[in-house]
Amino acid sequence: MKLIIVHYHLRPGGIRRVIELAVSPIVERLGAKSAAVVLATGEAPDEAWLEQFRRRLAPTPVEVRTVPAFGYVSEQRAKAADLQRKIRLALGALFAEIDPRHAIVWAHNLGLGRNLLLSRELVRTCAAGRIPLLAHQHDWWFENRWQRWPELRRCGFRTLRAVAEAALPVGRHLVHATINREDTDLLRKHFPGRVHWLPNPAGPAPPPQPARMRFARRWLREQLGSAAPVWLVPCRLLRRKNIAEALLLTRWLRPEAWLVTTGGASSADEHAFAEKLAEAARAHGWPLRLGILTGDERAQPSVAELMAASEAILLTSIQEGFGLPNLEAAAAARPLLARRLPNIAPDLAELGFRFPQSYDEILVAPDLFDWPAEVQRQKKLFSTWRRALPRPCRAWAGQPVLLAQASLTPTPFSRLTLAAQLEVLRHPASESWAVCAPLNPFLATWKKRAATGRLQVTPWPRAAAKWLSGPAYAARFAEIVRGLPHCPGPADSAAAQEEFIRARLDAAHQFPLLWSTST
């Protein structure tokens, strides 16, 4: 039995975490004593991570197939035809000696559209060899990632239908798994019998050993040059993580603390955002450290150890597929301050989680930023963004919140451009707090809790084990895989994608941070 895992990369983040937690119980559940795991990826994984992954799976052998053509198209110089040829050859070599009766392909994020040539060729290869394929969808290309559209066209996917057929493929031996029920319910309407809800694995973890805790705290002090408390954002540096909001909350609620993100900007699309945020922090002396975990993972604390050593965890994302950091904070018994995202909050509640420091929006007074300039910025950015949409989609774009407001009124911080967010942050924290605290009355309670060390922790609910534990995850995975040869009749990729796009272009999903890579 071979479990073949295909992903663009194995950089730190949610998908790598899912893989490292899930593979061992999956192999055990499938009862494959002579199993082998193949990691087929566009770039070599970190050596320390791979070493730990192999130890976790021992004695199951782990093979790594690094094929640069599997990576993000945007990070490659080859022409589309050359990339396609390299991908086809690599897949042919990978599957040359595979017995389809004893193989499973677990492909992650085909719907993200970062390499639709890989998606198309993988589906074709598996179909030709009758190899079971589980397409695990974590994120979507049309979720505020419209800068991908010209790239998709350059790769030969010149119509929405062509993109849909590669990003949402159909095949007799192919099923989709999604990580939140909202996506599951929508996709099931168009793909009857082919879609399963497979929430990410997670579970309570024992605290790090005392020696590792001392190391993590000492390492943080050395990195920051300070013994101040740390408020941690456990994520890579992406615009959708809305880091400036986390900084605003930290300055208001715990002025003594440092705000730290674990990961840096690992994608070229995020560099401009990261540089502007870091430059502003240096210029104004804000206690902000972006991407503290860089370099050799063996010389650093793990993310779990950093979470345990931090005073609080923040998740201020404006877009998430599942919300793994929510669960990781509960697992580590650390207080969490988090935005309540409408597509994942119901799932977390169904799993039994209650997050006492969660919120919908942080409102800011309009005189904290240059309102006329921000209106003009947003008009220009929105117009440019809208013109770049595929022509059929332009009429579906909803009116952004700030542009729909008739006058200077309190505005959600998340609905501002980075330029306006930084204008808000440039005000002394005490001044902005004085005018914004009445707009967000729940923050006063949180501020008292933070000052007295009584921010509330979310207990791990017993009911979550039946969905999120390793054995439960593996059982669902095995059930999905065993049903693969019996997929029912036709499905409509284009109709499913259109319904997704119409929903994602609604005004509720319009965030200026995501209109441009240089906002």
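What counts and how
Residues numbered from 1 in each chain as written. Predicted model: local features only at pLDDT ≥ 70, side-chain atom pairs only at ≥ 80, totals over all residues. Heavy atoms only, no water. Core = buried A, V, L, I, M, F, W, Y, C linked by side-chain atoms within 4.5 Å. Buried < 20%, exposed > 50% of the residue type's maximum accessible area, 1.4 Å probe, protein only. Helix = DSSP H or I, 4+ residues; strand = E, 2+ residues; numbered from the N terminus. Contact = heavy atoms within 4.5 Å. Pairing = 2+ DSSP bridges. Axes fitted to C-alpha atoms, helices over the stretch in contact; angles between N-to-C directions. Parallel < 35°, antiparallel > 145°, perpendicular 65-115°, else oblique. Left-handed = near helix turned anticlockwise from the far one by under 90°. Nonpolar A, V, L, I, M, F, W, Y, C, P; charged D, E, K, R; others polar.

K.L.:
Where do I start with the nonpolar core in this structure?
P.N.:
One finds F95, L122, W141, W231 and W252 to be the most contacted residues of the largest nonpolar core, which totals 115 residues. Among the elements that take part in this core, helix α9 (residues 243-253) stands out by supplying eight residues, more than any other. Here L122 is in contact with V6, L91, F95, V105, A107, L110 and L133, once residues within four sequence places are set aside. Counting residues in hydrophobic clusters, the runner-up holds 37 residues, among them L324, A330, L336 and F355.

K.L.:
What's the story with the pairing of strand β1 (residues 2-7) in this structure? I'm lost.
P.N.:
When a strand is regular, its side chains alternate between the sheet's two faces. With five of its six residues buried, β1 lies for the most part within the structure. Direction of pairing for β1 relative to strand β2 (residues 36-41): parallel, over a ladder of six bridges. Residue H7 lies in a different strand from β2, and its bridge partner there is T41. Alignment of β1 against strand β4 (residues 103-108), held across five bridges, turns out to be parallel. Note that in β4 the partner of K2 across the bridge is A103.

K.L.:
Just to check I follow, could you spell out the packing of α9 against helix α16 (residues 418-426) for this structure?
P.N.:
The geometry of a pair of packed helices is captured by two quantities: the angle between their axes and the separation between those axes. The geometry of α9 relative to α16 is characterised by a closest axis approach of 10 Å and an angle of 10 degrees between their N-to-C directions. Relative to α16, the element α9 is oriented roughly parallel. As α9 packs across α16, the resulting crossing turns out to be left-handed. Within the contact between the two elements, α9 uses A244, L247, L248 and R251 and α16 uses Q421, V424 and L425. Taken together, the residues that form the contact of α9 with α16 break down as five nonpolar, one polar and one charged.

K.L.:
Whenever I open this one, the side chain of E121 confuses me. Can you help?
P.N.:
Here E121 is to be found in helix α4 (residues 116-129). Every residue in contact with E121, bar those within four places of it in the chain, is listed here: Q84, I87, R88 and L91.

K.L.:
What am I meant to see in the environment of K466 here?
P.N.:
Along the chain, K466 falls in helix α19 (residues 465-468). Classification of K466 by relative accessible area gives exposed; the value is 57%. The spacing of K466 and L351 is 115 residues in sequence and 8.9 Å in space, taken between C-alpha atoms. Non-local contacts of K466, meaning those with residues more than four positions away in its chain, are made with A472 and R476.

The quantities given are spatial measurements derived from coordinates; they are silent on function.
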